[in-house]
Amino acid sequence: MTDLGQSIPGYSVTKLPIPDELAGTEEWTYDQWRAEFTVSRESLTAFFAGRDPLIVLARTALQYLMQGVGGTGNLSQVRPLEQVELEIAQAFVLMTEAPFKAVPTSPGNFVRYWALMSRHIHGFIRKQPETPGESELSAAVRRGARLQTLYYRNLFSRQDCESTILAVLSKLDQQSEAALGYRLSELFASTVKLATLVEGRVRVFGGHLNDLLYSPHREKVEAAIEFFRSSYPVAGRAWRYGETRFEDLEQLRLAGFQMSELSWPTAFTFDRATLAEQFPAAIVDALYDMSLAPGELKDTNPEHIYLNNPIWKKPYIRLADGSLFAALPQLVFSFPFAIVEGLMVGHKKLEVAYEDARADHLEQAIAALLSTAMPSAIIYRGVVWDDPNTDKTWENDVVALLGNFIFVFEAKSGRIKDAARRGGDLSLRKNFKELFVEPGEQGWRLQNFLDTCRQTASFRLKSDNSTLDFQLDRPKVVFRYSVCFEHFANLTSARHYLTSLGLIGSDTAWAPVLSLGELHMICRYLDTELAVQHYLTRRSSIDDLIEFEGDEQDILSLYLTNGLYLDRTELGSGPIKGVPLTAGL
């Protein structure tokens with residue numbers, strides 16, 4: 001067996017621990033997981049129906065937000081939550097019919113609920129049956145697509161998400177205002193502002209919580225208790241006998257803290273009047289269009305909320321009193337395209353303009369990033385050339401010339417289909433071919449054209465038909481890449497998964513796939529032109545040496561660790577298989 005420590009210096013393999021809630025399930029069969037999924041779903045349904053579910057959702061949202069800064073109170077040692085656990089919780093709230101039970105949830109119940117939700121989601125993934133006759137790698141691709149859909153949310157950093165979505169939607173200002181009555185760019189900016197308002201509310205609540213837990217002055221502690229008691233009716237009911245029961249200050253703190261846990265729904269709730277103070281009337285109406293009411297999902301097939309959750313398009317909850325509940329304001333950064341596309345349905349001209357805007361911005365963004373990261377490079381958009389063997393004219397989206405290197409980037413602005421996200425075999429194959437295989441073929445045509453025609457090869461700009469000088473009097477090496485808005489991360493970062501689906505052969509042209517967010521990341525963390533040039537040349541050849549499991553962030557981490565140095569003598573004669581690049585980096 002290859003010693004990874006010797007063949008990839010700086011790399012180490014660690015064994016991930018089994019979560020406590022999955023202990024004892026290592027050998028479970030498909031039937032056992034299916035039974036577990038059904039039982040846990042029934043338990044969760046009863047859990048939300050038997051108490052105030054807004055308290056559960058709000059406190060879970062707080063736990064998710066605070067886990068990176070130490071958590072709160074006696075729940076701070078709970079294992080980190082995944083965003084999907086919060087998303088599924090919101091779907092359960094929307095499947096629960098109003099009026100809600102005004103029943104509080106104890107700290108112990110929160111801990112047990114979070115463990116149950118995690119186990120339930122694991123049950124959904126592990127209960128999926130195997131397809132008879134399917135290869136192990138093909139099954140891994142389908143399973144990986146489901147895992148990607150469930151857990152992977154990192155399309156962009158928040159800053160890059162805001163700039164990208166606003167740039168795309170700003171191209172549609174006239175069309176969206178004519179079709180919808182408001183500008184989509186203004187709506188997206190408003191959802192970002194709403195997320196900021198939620199963060200501000202949480203900070204205000206946190207300030208009162210700090211007074212409650214740490215102030216040496218009883219009057220401040222009592223003022224904090226009054227704030228929480230009056231914030232939410234269930235909290236007020238829980239404290240109705242608390243004013244005179246606790247003479248000792250520490251006991252008062254502890255009791256007040258228990259009560260404060262029930263007040264958090266108010267931090268995430270905005271009435272229409274408050275929203276009207278912040279946003280124009282048309283935007284307020286659009287925010288309500290992006291909401292679902294409790295009970296609205298009661299007839300939804302519960303199997304569908306895991307890989308096609310309705311809240312990915314409508315992230316807010318519309319309460320009976322007309323308020324908006326925004327426990328997941330970060331969904332506008334996790335699913336920005338799904339949200340705005342949902343608002344365009346039925347407006348064909350706007351949808352066509354949106355597709356054009358996506359394609360134009362993707363090319364524009366690639367060229368801009370490369371110009372910043374490699375200032376010495378000559379960057380061209382829309383390079384066309386004529387193939388003398390076929391009499392066909394071909395186009396390459398973005399071409400960067402740097403010394404003896406030609407970097408070819410094909411922009412693929414298409415979307416991953418819902419069926420592909422759910423692991424549908426035919427849809428996966430079709431989507432993968434369109435978005436992740438064809439760009440390699442496009443780049444290969446240019447390389448073959450250069451190899452065949454050499455100095456007689458001629459190129460021109462599509463925009464004005466002007467002739468381009470590729471400086472072909474010196475040798476050129478071509479490196480091909482595909483850039484898209486979103487992809488399947490570790491599944492489409494590695495060539496061997498596409499090989500297992502039969503989409504490419506060992507000799508098929510291949511272009512590594514990057515999302516636009518990943519290209520932002522590369523250009524940000526590789527802060528010299530030489531580093532970016534070196535990374536792009538080394539990145540294109542890693543599939544020739546190892547069959548790895550990891551996404552672009554893992555590959556970049558390996559590059560920052562050892563420059564993507566792989567020792568051929570330790571690797572052996574052929575590529576080693578299944579290296580989990582996420583381990584030890």
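Our structure's up above, just so we're on the same page.
The residue numbering used here restarts from 1 in each chain and proceeds along that chain's sequence as written. Note on the predicted model: pLDDT of at least 70 is required for a residue's local features to be given, and 80 or more for side-chain atom pairs to be given and counted; whole-chain, interface and lining totals, by contrast, use all residues. Excluded from the side-chain calculation are hydrogens and water; included are all heavy atoms of the structure.

Novice: Can you tell me about the overall build of the protein, naming the residues and giving the values?
Specialist: If you tally the helices and strands in the protein, you get 25 helices and 13 strands. With the radius of gyration taken over C-alpha atoms, the globule rule is written as 2.2 Å times the number of residues to the power 0.38. Expected size for 585 residues packed as a compact globule is a radius of gyration near 25 Å; at 27 Å, the protein falls within 12% of this value. Dimensions of the protein along its principal axes, counting C-alpha atoms only, are 90 × 60 × 50 Å. Taken over 585 residues, the protein has a buried fraction of 53%. Two residues qualify as a contact provided that any one of their heavy atoms is within 4.5 Å of a heavy atom in the partner residue. In the protein, the share of contacts with a sequence separation of at least 24, taken over all contacts with a separation of at least 6, comes to 77%. Positive charges come from Lys and Arg alone, negative charges from Asp and Glu alone, with His and the N- and C-terminal ends not counted. Think of each charge as sitting on NZ of Lys, CZ of Arg, CG of Asp or CD of Glu. In the protein, which carries 59 positive and 74 negative side-chain charges, the distance between the mean positions of the two groups comes to 3 Å. Labels follow the DSSP assignment, with helices taken as runs of H or I lasting at least four residues and strands as runs of E lasting at least two, numbered in each case from the N terminus. Only protein chains enter the accessibility calculation, which uses a 1.4 Å probe. A residue is then buried if its area is under 20% of the maximum for its type, exposed if over 50%, and partly exposed in between.

Novice: An account of the pattern of salt bridges is needed here, citing residue identities and associated values.
Specialist: Each salt bridge in this description consists of a side-chain nitrogen of Lys or Arg and a carboxyl oxygen of Asp or Glu lying within 4 Å of one another. Tallied over the entire structure, the rule returns 22 salt bridges. For Glu199, the salt bridge is made with Arg158, and the minimal N-O distance between the two is 2.7 Å. One end of the pair, Glu199, is in helix 9 (residues 184–214); the other, Arg158, is in helix 7 (residues 158–170), with 41 residues separating them in the sequence. Judged by relative accessible area, Glu199 falls into the partly exposed class, the value being 33%. Asp173 serves as the salt-bridge partner of Arg183, at 3.9 Å between the closest nitrogen and oxygen. One end of the pair, Arg183, is in the loop between helix 8 (173–180) and helix 9; the other, Asp173, is in helix 8, with 10 residues separating them in the sequence. Assessed through its relative accessible area of 37%, Arg183 is described here as partly exposed.

Novice: Break down helix 3 (residues 53–66) for me, with residues and values.
Specialist: Residues that lie three or four places apart on an α-helix share one face, since the helix turns once every 3.6 residues. Residue count minus one, scaled by 1.5 Å, sets the expected span of a helix. End to end, helix 3 covers 20 Å across 14 residues, agreeing with the expected 20 Å (1.5 Å per residue, within 8%). Among the 14 residues of helix 3, 11 are classified as buried, and the element is accordingly described as predominantly covered. The set of residues buried in helix 3 consists of Pro53, Leu54, Ile55, Val56, Leu57, Ala58, Arg59, Thr60, Ala61, Leu62 and Gln63. Any pair of N or O atoms that falls within 3.5 Å is considered a polar contact. Within protein, one atom must be able to donate a hydrogen and the other to accept it, and sequence-neighbouring residues count only if both atoms are side-chain atoms. The opening residue of helix 3 is Asp52, an N-cap whose side-chain oxygen sits 2.9 Å from the backbone nitrogen of Leu54.

By themselves, these are just geometric observations and shouldn't be taken as functional.
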